[in-house]
Amino acid sequence: MGVQGLTTFVEGNRHFFQDVKFRDSRLVIDGCSLYFRLYFNHGLDQQHGGDYDAFASLLTQFFSALASCNIQPYVVLDGGIDPSDKKFPTLRQRLQSKIKEADSLSHGRNGSVLPILTRDVFIQVLIQRGVPLFQCPAEADREIACLAHQWNCPVLTNDRGYLPFRFFQWANLNGKASQRYISVRRYTTNGLCRLYGGMNRELLPLCAVLTGNDYGTPKDAETLLGLLDTSALARGGGRGKGVPSRIEGILLWLSSFSNPAEALEEVSQLMQEEGRGGGGRGKRGQRGGLSSQLWAAMQEYHITQSSLAHWFSGGKVLPGVQISGLPECLSPAAAQGLLAPLVVDVVVMHRVLLIPQVENSKLASSHFSARAIRQAMYGILLQRGEDVQAQDIRVQENFRGRGGRGRGGGQVRGGRGQSVTLPTQQGIGVAAGASTVQAQGSSAPIYVEEYDRLDLNLKKNQVEAHLLRNPLRLDTLGQAPVAVRLGVLHEVLGVKESALSSVPLHLKLAVAVTGFWLREATPTPSQLLLQALVLGMVYGELSWNNQPGVTS
C-alpha cells in the first residue's frame, strides 16, 4: 500500500539503490502498477477512448524483452475493494480526483485517466503469451510481498510502499545474444536500514504507519509526531541534503530503538497512556491507546507464507484466497482474471465504483446508458439461496439508511435493454431481465450502491437489481444450455436472433451491442458517430485479415 512521501524520499537518496544486471531470475510483477506505468509513460491516447492496439504492441515488446533475458514473470493483480473498508475513503478521493482530471483532459489540458478497457487488454495479452497471472480477491500488495519474500526474488512495481524497481530499463537490453540483461537500479530495505545505523527492519512497518498509508493514520499520530519532531531532528540531523523530511525524522527517531516493542513503549509514555499495551485504554479513556492502534496497523505489513506459490506451481485456488460468497465454480475464473473486479465487489460488498472517463461533464455519465445491463448483472449475482438472501437484506437496509437516492432513483427502468453480460471461462455471455430481485418471502428489493459521476462530483446511487423472466442461477450458470444463454443475451440487448442471421458469427455481439447503445445512450448518437464506429469495425476486420497466418 502507498506510503506518503516514500517515493520522493527514496528517489532523493540514490545511495539506497544498487546497480544490477538483471537476468536469469523470477520476477513478481504488480500488474496494476505495470499497466498504469506503461500506458502513461509512453504517451498513449487518453482523450479519445484509448489506443489499445498500440498498448498491446507495447506489452508484447515488454514481455519479449523479459524472455530474451531469461526472466520469468509472475503477474499479480488487485481484485475487488478491501472488504474491511479501511481504504474506501482513499478510493473515493481518488475517484473524485480522476473525475476532475478527465474533465481537464476533455478540454485539452493535462491529466492522467486510464482508458476503461486498458486492464482487459492487459489480461488478454498475458493470456495470449502464457504469462502466469493471479487476480487477488482484493488488494494485491501483501500477496506480492509474501510471494517475493518466499521466492527471494525482486518485485517490479511503482507502488509507493515498495519501490524495489524504480529504474527498470527494459527497452534497452545489454549484453550478447546469449547473455542479455536489463540494467536495473534496485532498491532494498537493507540499504535503507544500513544508512540509519543498521536499524532493525522490523521497525519499518511502524515508520509506514506513522508516515501515513492508503489506510490512513491513527488520529492521535499527529499529536505524537508533534512531540517527536524537535527531538528526532536534533539527533544529528538528516542523512541527505537540506532539511530532513517527515519520513526521515521518523526514521531517525526509530533508529534509536532495537525493536518495535521498545518504540511502542516510548509512544505509550509520551502519550501518557494508562494500562499500556494492546487493548489498554488511552489517556482519554478510549479502548486501545495510540500504541495499540499502531501495533494493530503494523500487522498489515506482516509477511507470511505465500499461498500464490502453490497457485503458480499447480493452478489450484486455496481456501485462503477464495472469494467469500462467490460460487466455487466461478472462483478459478476470478483468480485467472476472467471475472472483473466489479463482479467481486457486487457479490462481496454490494458496491460498485464506476471508472471516470474522458467525456462531456455537462452531460450524464456515459455509464448511465449501461445501467440496465448492470442491473441485470446484479440480479444474476445476487439471486442466491434463502440464507444468503436474508443476509443481503440486512446489508441493503444499511444502504437505504444512508441517504437519498441518486439519479434515476431506486427502481430504474432502462427500456428494452434491462440486462447485462457476465463473462465465464468459456467466453459465453449471460444476461438478466427486468424483475426486481427480492428475498424469498419478502417484498424488500435488493440494492447495489453505485458511485458514478454527476457533473464534476462523485455521486452515490442506490440501484435495484433486476431478475430475468426465466432466472439463471449463478451457481449453475455453466450448466445452462448454450442456446438458453444466447437467448438471454438477445433478450437483454433487445435484438432478435433472426435480425443477426446475416451477420458473421464473430461480429454478432458487436452489432447487437451497437443497437443497444443507439437506443439507450443519452443524447442519441448522431449518424456521423455511428458511421465512425462502423468504420472502426471495418478497419479492425481488414487489419486482422491482413495479419500473417490469418485465413478468411
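Residues numbered from 1 in each chain as written. Predicted model: local features only at pLDDT ≥ 70, side-chain atom pairs only at ≥ 80, totals over all residues. Heavy atoms only, no water.

You'll find the protein chain entered in an unreviewed UniProt entry as Protein asteroid-like protein 1, with Collichthys lucidus given as the organism.

Novice: Describe the overall build of the protein chain, listing the residues and the values that go with them.
Specialist: Counting its secondary structure elements, the protein chain contains 20 helices and 12 strands. Residues counted as buried form 47% of the 552 residues belonging to the protein chain. In the protein chain, 72% of the contacts between residues at least 6 apart in sequence involve partners at least 24 apart. Summed over all atoms, the accessible surface of the protein chain reaches about 26,600 Å², with 51% contributed by carbon and sulfur. (Helix = DSSP H or I, 4+ residues; strand = E, 2+ residues; numbered from the N terminus. Buried < 20%, exposed > 50% of the residue type's maximum accessible area, 1.4 Å probe, protein only. Contact = heavy atoms within 4.5 Å. Areas by Shrake-Rupley, 256 points an atom, 1.4 Å probe, with all protein chains shown as cover.)

Novice: Got a sec to walk through the sheet that holds strand β2 (residues 25-30)? Specific residues and values, please.
Specialist: Strand order in the open sheet formed by 4 strands is β4-β3-β2-β5, with parallel pairing between adjacent strands. Of all the strands in the sheet, just β4 (133-135) and β5 (155-156) have a single pairing partner and so form its edges. In this sheet, β4 lies alongside strand β3 (residues 71-77) in parallel orientation, the contact comprising 3 bridges. From the neighbouring strand, V76 faces β4, where its bridge partner is F134. Docked against the sheet, helix α2 (residues 31-41) engages β2, β3 and β5, running at close to 75° with respect to β2. Across the sheet, helix α5 (residues 118-129) is in contact with β3 and β4; its angle to β3 comes to roughly 140°. (Pairing = 2+ DSSP bridges. Axes fitted to C-alpha atoms, helices over the stretch in contact; angles between N-to-C directions.)

Novice: Which residues make up the sheet that holds strand β10 (residues 447-454), and what values go with them?
Specialist: Taken in spatial order, the 3 strands line up as β8-β10-β11 in an open sheet, and their pairing is mixed. Looking along the sheet, the strands with just one partner apiece sit at the ends: β8 (351-353) and β11 (457-464). With direction set aside, neighbouring strand axes in the sheet form an average angle of 25°. Judged from the 3 bridges that link them, β8 and β10 form a sheet pairing that is parallel. Among the inter-strand pairings, L353 is bridged to a residue of β10, identified as Y451. Of the strands in this sheet, β8, β10 and β11 touch helix α4 (residues 88-106), which is tilted by about 115° from β11.

Novice: Would you mind going over the packing of aromatic side chains in detail, with residue names and values included?
Specialist: For the structure shown, the criterion picks out 15 aromatic pairs. Seen in terms of ring centroids, Y74 and F312 are 5.1 Å apart; in terms of plane orientation they differ by 65°. Their pairing is edge-to-face. Of the two residues, Y74 is situated in strand β3 and F312 in helix α13 (residues 308-314); the sequence distance between them amounts to 238 residues. Measuring from ring centre to ring centre gives 5.0 Å for W253 and F257, while their planes differ by 80°; the resulting arrangement is edge-to-face. Side by side, W253 and F257 carry an identical accessibility label, which is buried. Taken together, the ring pairs in this structure connect Y35, F36, Y39, F40, F55 and F122 into an aromatic cluster. Lying over the aromatic face of W151, R26 brings its terminal NZ or CZ to 4.1 Å of the ring centre. For R351, the ring lying beneath its charged end belongs to F88, and the centroid distance is 3.8 Å. (Phe/Tyr/Trp six-rings, centres within 6.5 Å; stacked < 30°, edge-to-face > 60°. Lys NZ or Arg CZ within 6 Å of the ring centre and 35° of its normal.)

Novice: Provide a residue-level description of the nonpolar core, including the pertinent values.
Specialist: With 37 residues, the main nonpolar core has L254 and L294 as its most contacted residues. Listed by contribution, the elements that provide at least two residues to this core are α1 (6-11), α7 (189-195), α8 (204-211), α9 (221-233), α10 (246-254), α11 (260-270) and α12 (290-298). Built from parts of two domains, this core gets at least three residues from each of domain 1 (7-187) and domain 2 (198-235 + 245-275 + 289-302). Excluding anything up to four places from it in sequence, L254 contacts M199, L203, L206, C207 and A263. (Core = buried A, V, L, I, M, F, W, Y, C linked by side-chain atoms within 4.5 Å. Domains from an automatic or database assignment.)

Novice: So what's going on with the pattern of salt bridges? Which residues, and what values?
Specialist: Tallied over the full model, the rule gives 12 salt bridges. Here R23 ties to D24 by a salt bridge, and the two come within 2.0 Å at their closest N and O atoms. With a relative accessible area of 41%, D24 lands in the partly exposed category. Of the charged contacts in the structure, one is a salt bridge between K87 and E139, with a shortest N-O distance of 3.0 Å. (Salt bridge = Lys/Arg side-chain N within 4 Å of Asp/Glu carboxyl O.)

Novice: Go over unusual backbone geometry with me, naming the residues and quoting the values.
Specialist: Note the cis peptide between T522 and P523, where omega equals -5°. With respect to the secondary-structure elements, P523 resides in the loop between α19 (508-520) and α20 (527-545). Backbone geometry at D24 places phi at a positive 50°, although glycine is not the residue there. Topologically, D24 is positioned in the loop between β1 (17-22) and β2. Phi is positive for D455, which is not a glycine, with a value near 60°. For D455, a relative accessible area of 43% puts it in the partly exposed group.

Novice: Could you give an account of the confidence of the model for the protein chain, with specific residues and numbers?
Specialist: In this model, the protein chain carries an average pLDDT of 80, and 78% of its residues clear a pLDDT of 70 or more. Confidence drops under a pLDDT of 50 for residues 276-287, and excluding neighbours within four residues, the segment shows 30 contacts in the predicted structure. Below pLDDT 50 for its whole length, residues 385-434 participates in 150 contacts with residues either more than four positions away or in separate chains. (pLDDT = per-residue confidence, 0-100.)

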